[in-house]
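Residues per chain are reported as follows:
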Amino acid sequence: MKRCLIVDDSRVVRKVARRIVEDLRFEADEAADGAQALEFCRKTMPDCILLDWNMPVMNGIDFLRALRREPGGERPTVVFCTTENDMSHIAEAMRSGANEYIMKPFDSEIIESKFNEVGLC
Amino acid sequence: MNSQDFDFVSQLLRKRAGIVLGADKMYLLESRLAPLARKEGLPSIDDLIQVVRSRRDERLITQLVDVMTTNETFFFRDKTPFEHLKEAVLPVLAQARKGQRIRIWCAACSTGQEPYSIAMMIDQQPALTGGVPVEIVATDISERCLERGRQGLFTQFEVQRGLPIQMLMHHFTQQDDHWRVSERIRSMVTFRKMNLMDPSYTLGKFDVIFCRNVLIYFDGPTKTEVMNRLAQSMNPGAFLMLGAAETVIGLTQAFEGAQDRRGLYKLSSKAVKAA
Ligand SMILES: C[S@@+](CC[C@H](N)C(=O)[O-])C[C@H]1O[C@@H](n2cnc3c(N)ncnc32)[C@H](O)[C@@H]1O
């Protein structure tokens, strides 16, 4: 089973996202900020990461840049999932190594469509 | 709503648009007609139907048909039709047409995601058509949908269904809460109102027809009639793309399936001779 790491500081969002990715047959793990996520990835690289932008301690974009420098860190497919919904944020995310981008609010259809886009399901 | 009213509306829909409304669709009918009654300043659906019955008000009938259409669509819907277009249709046509333009018709385009998907694909890969100019005509019975298509304005939800983020970045700009497809892409598509039931339409001949997810609403004889008419609007060697739940089998001899390409058909040589 593929593993998906859900990175978001909102417990509610993590819970909703978990339900959706589990329905898509992923094993889900959670992290509440970028630092926790990085620590997690150093132990076990997930297959994909659903990533919020604004979080305490370490935000999503800093996490992504750090991840891509880690050994094996180029492997996970990273899908941003954030309320930042303007072109400059999208462009910055893509430049920093994101594979897809979801603008909140999201639902199962959008996650499935985007996962489909990057060959995850 | 009583059953007589239901029968009246469903017969009207069938006659005007070919749409068959199952007896279990009472709820659907009510949920769609209530907002129309309100918009028309009428106190109830019963009054709305009364007005339609007695006055035979064309404008109102058109609107009633419009609200009863199901307009579900999204960018690059089902993916494979667009792969067929890219791999098996456009390269063949580019060769065959040799400089003449390629004409593509989306025969039930709803709010425009389908024709715009085709336009974006062609714009991004000009080699596909070998520089041959392409014209995309998009038609629907719903004026409400066509107007949205012409504007090219989509909600955040709509641009996240089927549209890769790179394409959003490339072809759209943000406009308040919405996303607008670029002038360049919009200019590749012409929207026109057209009823597939109308026996006298004339849009010229096409090389590709996308007629997807609309035949499902029609009964067998209507499907046959509509497909045979599509055949008459096709150049020799033209292609037809149907929706995932649609087929020509048992309905018409005008088309033959393309090998290993589900949903893709070619105008049969018999049909070419007959025309
Ligand atoms: C479900 S949408 C399909 C949109 C698009 N082709 C797709 O596959 O995503 C069906 C469309 O058919 C249109 N339609 C229904 N009856 C029609 C008719 N008689 N003539 C033309 N369009 C019709 C509806 O207005 C609606 O927009």
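Remember, it's a predicted structure, so these values are computed and weren't measured experimentally.

A. Spotlight on unusual backbone geometry. Here the residue pair lysine 104 of chain A and proline 105 of chain A is connected by a cis peptide bond, since its omega of 0° sits within 30 degrees of zero. Inspection of the secondary structure puts proline 105 of chain A in the loop between strand S5 (100–103) and helix H5 (108–117). Positive phi values are uncommon outside glycine, yet arginine 56 of chain B reaches one of about 50°. With phi around 55°, aspartate 260 of chain B is a residue other than glycine that occupies positive phi space. Within the secondary structure layout, aspartate 260 of chain B lies in the loop between strand S9 (255–257) and strand S10 (264–267). Residue classification places aspartate 260 of chain B among the exposed positions, given a relative accessible area of 78%.

B. Quick peek at the interface of chain A and chain B. Taken together, the contact between chain A and chain B spans 20 residues of the former and 16 residues of the latter. Between chain A and chain B, the buried area comes to about 1500 Å², and carbon and sulfur atoms account for 54% of it. Considering only the side of chain A, the residues that lose the most area to chain B are Met87, Met103 and Glu117 of chain A, jointly responsible for 36% of the buried surface there. The closest approach of N and O atoms between arginine 161 of chain B and glutamate 109 of chain A, which form a salt bridge, is 2.4 Å. For the side of chain A that touches chain B, the elements supplying multiple residues, two or more each, are helix H4 (87–95), S5 and H5 of chain A. The element that contributes the greatest number of residues to the side of chain A that touches chain B is H5 of chain A, accounting for six residues. Grouping the amino acids of the side of chain A that touches chain B by side-chain chemistry returns nine nonpolar, four polar and seven charged.

C. Examining the domain arrangement of chain B more closely. Residue and element names in this part refer to chain B. The domain boundaries assigned to chain B delineate domain 1 (3–68) and domain 2 (80–274). Each of domain 1 and domain 2 was reduced to a C-alpha centroid, and the two centroids are 29 Å apart. With eleven residues of domain 1 in contact, the opposing surface of domain 2 contributes eleven residues. In this assembly, domain 1 packs against domain 2 so that about 750 Å² is buried in total across both faces, 49% of it on carbon and sulfur atoms. Taken as a group, Ala17, Gly18 and Asp66 account for 48% of the area that domain 1 buries against domain 2, more than any other trio of residues on that side. For the pair domain 1 and domain 2, the number of links is two salt bridges. Here aspartate 66 ties to arginine 144 by a salt bridge, and the two come within 2.8 Å at their closest N and O atoms.

D. Structural detail: the site of the ligand. All names here are of chain B. Taken together, 22 residues lie near the ligand, and Thr73, Arg77, Ala108, Asp140 and Asn213 sit nearest. Contacts to the ligand include aspartate 140, whose side-chain N or O atom sits 2.6 Å from an oxygen atom. Asparagine 195 places a side-chain nitrogen or oxygen 2.9 Å from a nitrogen atom of the ligand. Here the ligand has 600 Å² of accessible area as a free molecule, and 99% of this is covered by the chains. Looking at the shell around the ligand, its residues break down into nine nonpolar, eight polar and five charged.

E. Molecular detail of the pairing of strand S4 (residues 172–175) of chain B. All names here are of chain B. Bridge analysis of S4 against strand S5 (residues 178–181) gives four bridges, and the strand direction is antiparallel. Among the inter-strand pairings, phenylalanine 172 is bridged to a residue of S5, identified as valine 181. Connecting S4 to the antiparallel partner S5 that follows it, the hairpin turn spans two residues, and aspartate 176 within it adopts a positive phi of roughly 50°.

F. View of the sheet that holds S9 of chain B. Residue and element names in this part refer to chain B. The strand order across the open sheet built from seven strands is S6-S2-S1-S7-S8-S10-S9, with neighbouring strands paired in mixed fashion. At either end of the open sheet lies a strand with only one pairing partner, and these are strand S6 (189–193) and S9. Between one strand axis and the next, the sheet turns by 25° as a mean value, whatever way the strands run. Two strands pair when backbone bridges link them, and strand S1 (residues 102–106) and strand S7 (residues 206–211) are joined in this way by three bridges, in the parallel orientation. Looking across to S7, one finds that cysteine 106 is bridged to phenylalanine 210. Contacts from helix H7 (residues 143–151) reach strand S2 (134–140) and S6, with the element oriented near 165° to S6.

G. Looking closely at the sheet that holds S4 of chain B. Residue and element names in this part refer to chain B. A sheet is described by the order of its strands in space; here three strands give the open sequence S3-S5-S4, paired in antiparallel fashion. Sheet topology places strand S3 (153–155) and S4 at the edges, where each strand pairs with a single neighbour. Sheet twist, expressed as the mean angle between neighbouring strand axes with direction ignored, is 35°. Bridging between S3 and S5 involves three bridges; their strand directions are antiparallel. When the bridges of S5 are listed, threonine 155 appears paired with histidine 178.

Conventions used here
- Residues numbered from 1 in each chain as written.
- Chains lettered and ligands numbered in written order.
- Predicted model: local features only at pLDDT ≥ 70, side-chain atom pairs only at ≥ 80, totals over all residues.
- Heavy atoms only, no water.
- Helix = DSSP H or I, 4+ residues; strand = E, 2+ residues; numbered from the N terminus.
- Buried < 20%, exposed > 50% of the residue type's maximum accessible area, 1.4 Å probe, protein only.
- Contact = heavy atoms within 4.5 Å.
- Buried area = accessible area lost by both parts, 1.4 Å probe.
- Salt bridge = Lys/Arg side-chain N within 4 Å of Asp/Glu carboxyl O.
- Nonpolar A, V, L, I, M, F, W, Y, C, P; charged D, E, K, R; others polar.
- Domains from an automatic or database assignment.
- Near = heavy atom within 4 Å.
- Polar contact = N/O pair within 3.5 Å; in protein donor to acceptor, adjacent residues only side chain to side chain.
- Areas by Shrake-Rupley, 256 points an atom, 1.4 Å probe, with all protein chains shown as cover.
- Pairing = 2+ DSSP bridges.
- Axes fitted to C-alpha atoms, helices over the stretch in contact; angles between N-to-C directions.

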